[in-house]
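Here are the chains, one letter per residue:
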Amino acid sequence: MRRTPSRSCRRALSGAGLLLAGLLLLSAAWSDDESSAVKGMEFLRESRDARRYVRPLTSTALLTPPPGSAAAAACNAPPMGPGPGVASFEANDPLAAQLAPAPPLRLLMLVTSAPAHHERRQAIRETWGGRSEDARLVFVLGRGPEPATEPSSAVMAEAQRHGDLLVEDFTDAYYNLTLKTLFLLKWAVRECPSAAFVLKTDDDMLINTRGLVRALPRWVAQARGGGANGRLGGLGDAAAAEDAAAAAAAAGDPDAPEPPPPLIFGFVHHHALPYRDAKSKWYLPRWLFPDDVLPDFVSGTAYVMSRPALEHLYSVALNTPLLPLEDVFLTGVVGGSRLGIPRVHISRFWPHNTVLKPPKTMDHPCLYHHMLAMHHFTAEKLRHLWNPLMRLQPARQCDTYLMRFLGRLFSPGSYQVVTDDPW
Ligand SMILES: *[C@@H]1O[C@H](CO)[C@@H](O)[C@H](O)[C@H]1NC(C)=O
């Protein structure tokens, strides 16, 4: 069969078009690395040496929780608590109680925040941040944009008032989140020796603080029992939880002779691919990370490090070339590839909000109660949900056909009725 000339002509033309498009794509892929001076990442071209920014041997904090603050007092409690004899004596003697050292801190909650986020910080103080005697809250900020060399007067006033701000000597900017995390580790390692666990989280999160404090010894016991690098934090496994209970008392107890092993708990991303599109929030150019697959890492929205993990992470991170994605860098490259610390998946840490946004009339606290950490909360939404969550009686209110149905539709994670980790 003969082709008409016009037809083959069109073919040739479209062939040429395809070729041209292909060439354009190729050149785009090529230039991905060479010309991409993405605004904010330039300082990594100059140096990826964390020590240069973090200055591990110097004290770099511009503002810290003052000695009398709740955080500082708990942080500097001796790692070993007073013996039982002393405790019973204290109970009857107010003066002795005043002089007695504070008990060691179970959980230090370090919340990355930006200088302007006063409102979010206040909402956190009034909700989950002040919820447990076993946990202390500190917000971590950088300096304002260049040329600011010190915190703004609003930040100073807030620090004075609440004593829970750590302001470090670097520019607070999106691509500096890794530096923020390293400064946070530096402070926890140097200034908070009594903290058995450190939570790193953000200022748009909702955290079940009491539930988390209670869950930690369970998870440590389960991880010790061979569950490390597996999936924990489900609720179905009541038998394992019971088994763990005996060991748990010792495992997460800072008074116990044996410290918990190095562990990182959180929502683990497996085999994720780096974003190569310069417009993405999570852009990772090839010149910073050439591999095609990311190491397994724990979502930076919220993760908990045991004390030994914290110390190893900090010292090895200082000798690892910086990446702009703090979670990939710290929990993936440093914690995983370099240190092999078990990253334990906790399905109740959820790096998103609800699956669908429920209409106002159906937005019930049951939809959230089974999670320990959730993302994308405004100050307003935090405050709105908090009291209903604390008042909630899950066994009575959440275990109904209607709630299970709504839970399937809207809830983060898989809907479960949780009765033993109250908010
Ligand atoms: C990150 O902080 C360092 C140290 O303050 C600074 O040199 C760099 O410009 C900052 N990066 C951004 C994107 O602001």
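One can find the structure itself at the top, above this paragraph.
Now for a description of the structure that goes with this document. (Residues numbered from 1 in each chain as written. Predicted model: local features only at pLDDT ≥ 70, side-chain atom pairs only at ≥ 80, totals over all residues. Heavy atoms only, no water.)

Focus: the overall build of the protein chain
Here is step 1 of the chain: Looking only at helices and strands, one finds 17 helices and 11 strands in the protein chain.
Here is step 2 of the chain: Within the protein chain, contacts between residues separated by at least 24 positions form 79% of all contacts whose residues are at least 6 apart in sequence.
Here is step 3 of the chain: Working note: accessible area of the protein chain is about 20,800 Å², and carbon and sulfur atoms make up 59% of it. (Helix = DSSP H or I, 4+ residues; strand = E, 2+ residues; numbered from the N terminus. Contact = heavy atoms within 4.5 Å. Areas by Shrake-Rupley, 256 points an atom, 1.4 Å probe, with all protein chains shown as cover.)

Here's the deal with helix α7 (residues 118-126)
Here is step 1 of the chain: Turning to α7, its buried residues number three or more, namely R121, A123, I124 and R125.
Here is step 2 of the chain: Each element contacted by the buried residues of α7 is listed here: β2 (107-112), β3 (135-143), α8 (153-162), β4 (165-171) and α15 (379-391). (Buried < 20%, exposed > 50% of the residue type's maximum accessible area, 1.4 Å probe, protein only.)

Observations regarding a nonpolar patch on the surface
Here is step 1 of the chain: Together, V355, L356, L402, F405 and L409 make up an exposed nonpolar region whose accessible area comes to about 490 Å².
Here is step 2 of the chain: Along the chain, the position of L409 falls in helix α17 (residues 401-410).
Here is step 3 of the chain: We classify L409 as partly exposed; its relative accessible area is 36%. (Patch = residues over 30% accessible without salt bridge, like charges linked within 9 Å, V, L, I, M, F, W, Y side chains within 5 Å. Salt bridge = Lys/Arg side-chain N within 4 Å of Asp/Glu carboxyl O.)

Overview of the site of the ligand
Here is step 1 of the chain: G40, F43, Y53, R143, F170, T171, A173, N176 and L179 make up every residue found near the ligand.
Here is step 2 of the chain: Separating an oxygen atom of the ligand from a side-chain N or O atom of N176 is a distance of 2.4 Å.
Here is step 3 of the chain: Across the shell around the ligand, the residue classes tally to 5 nonpolar, 3 polar and 1 charged. (Near = heavy atom within 4 Å. Polar contact = N/O pair within 3.5 Å; in protein donor to acceptor, adjacent residues only side chain to side chain. Nonpolar A, V, L, I, M, F, W, Y, C, P; charged D, E, K, R; others polar.)

Considerations on the pairing of β2
Each regular strand displays side chains that alternate between the two surfaces of the sheet.
Here is step 1 of the chain: Of all 6 residues in β2, 6 are buried; the element is thus mostly enclosed.
Here is step 2 of the chain: Here β2 shows two buried faces, one formed by L107, M109 and V111 and the other by L108, L110 and T112.
Here is step 3 of the chain: By the bridge criterion, 6 bridges tie β2 to β3 in an arrangement that is parallel. Looking at the pairing, L110 lines up with V138 of β3.
Here is step 4 of the chain: Handedness of the crossover is the feature at issue here: the chain leaves β2, passes through α7, returns alongside β3, and the resulting connection is right-handed.
Here is step 5 of the chain: With 6 bridges connecting them, β2 and strand β5 (residues 197-202) associate as parallel partners. Residue L108 lies in a different strand from β5, and its bridge partner there is V198. (Pairing = 2+ DSSP bridges. Right-handed = clockwise from strand over helix to strand, strands pointing away.)

Digging into the state of the cysteines
Here is step 1 of the chain: Per the stated rule, a full pass over the model turns up 2 disulfides.
Here is step 2 of the chain: The side chain of C75 participates in a disulfide bridge whose partner is C192; the two sulfur atoms lie 2.0 Å from each other. Every disulfide takes its handedness from the sign of the S-S torsion; for C75 and C192 that torsion is -80 degrees, giving left-handed. Taken as a pair, C75 in helix α4 (residues 70-75) and C192 in the loop between α9 (177-191) and β5 lie far apart in primary sequence, 117 residues in all. For the pair C75 and C192, one class covers both residues: buried.
Here is step 3 of the chain: Paired through a disulfide, C366 and C398 show a sulfur-sulfur distance of 2.1 Å. What sets the handedness of the C366 and C398 disulfide is the S-S torsion sign, and at about -85 degrees it is left-handed. You can see C366 sitting in helix α14 (residues 366-369) and its partner C398 sitting in the loop between α16 (394-397) and α17, a full 32 residues away along the chain. In this structure, C366 and C398 share a single accessibility class: buried.
Here is step 4 of the chain: When the bonded cysteines of the protein chain are counted from the start of the sequence, the pairing works out to 1-2, 3-4. (Disulfide = S-S within 2.5 Å.)

What about the nonpolar core?
Here is step 1 of the chain: Within the largest apolar cluster, 57 residues are counted, with the highest numbers of intra-cluster contacts made by L107, W128, L206, L212, W219, F265 and F349.
Here is step 2 of the chain: At 7 residues, helix α10 (residues 209-227) tops the list of elements feeding residues into this core.
Here is step 3 of the chain: Those residues within four positions of F349 in sequence are excluded, and the remaining contacts are L212, W219, F265, G266, F267, A302, Y303, V304, L372 and A373.
Here is step 4 of the chain: Among the nonpolar cores identified, the runner-up in size contains 54 residues, and L105, L179, C192 and Y303 belong to it. (Core = buried A, V, L, I, M, F, W, Y, C linked by side-chain atoms within 4.5 Å.)

Topic: the packing of α9 against helix α13 (residues 326-338)
Here is step 1 of the chain: The interhelical angle for the contact between α9 and α13, taken along N-to-C directions, is 50 degrees, at an axis separation of 8 Å. Considered as vectors, α9 and α13 are oriented oblique to each other. Together, L177, T178, T181, L182 and L185 of α9 and E326, F329 and L330 of α13 make up the contact between the two elements.
Here is step 2 of the chain: A class-by-class count of the residues in the contact of α9 with α13 yields 5 nonpolar, 2 polar and 1 charged. (Axes fitted to C-alpha atoms, helices over the stretch in contact; angles between N-to-C directions. Parallel < 35°, antiparallel > 145°, perpendicular 65-115°, else oblique.)

Brief notes about the side chain of R136
Here is step 1 of the chain: Mapped onto the fold, R136 is located in strand β3.
Here is step 2 of the chain: Under the relative-accessibility criterion, R136 is labelled buried at 18%.
Here is step 3 of the chain: Those residues in contact with R136 that lie beyond four places of it in its chain are A70, A71, A74, L105, L107, L108 and M109.

As for unusual backbone geometry
Here is step 1 of the chain: Following E146, the chain continues to P147 via a peptide bond in cis, the omega torsion being 5 degrees.
Here is step 2 of the chain: Even without being glycine, R55 reaches a positive phi, approximately 45 degrees.
Here is step 3 of the chain: The topology assignment puts R55 in the loop between α3 (50-54) and β1 (61-63).
Here is step 4 of the chain: Assessed through its relative accessible area of 29%, R55 is described here as partly exposed.
Here is step 5 of the chain: The phi dihedral of H271 is positive, around 50 degrees, even though this residue is not glycine.
Here is step 6 of the chain: With respect to the helices and strands, H271 occurs in the loop between β8 (264-269) and β9 (297-306).

Here we look at the pattern of salt bridges
Here is step 1 of the chain: Applying the stated rule across the entire model yields 19 salt bridges.
Here is step 2 of the chain: With a shortest N-O distance of 2.8 Å, R52 and E46 are connected by a salt bridge.
Here is step 3 of the chain: R52 sits in the partly exposed class, given a relative accessible area of 45%.
Here is step 4 of the chain: E46 gets classed as exposed once you look at its relative accessible area, which sits at 61%.
Here is step 5 of the chain: Because the salt bridges share partners, they merge into one network encompassing R121, R125, E158 and D164.

Keep in mind these numbers describe shape, not what the thing actually does.
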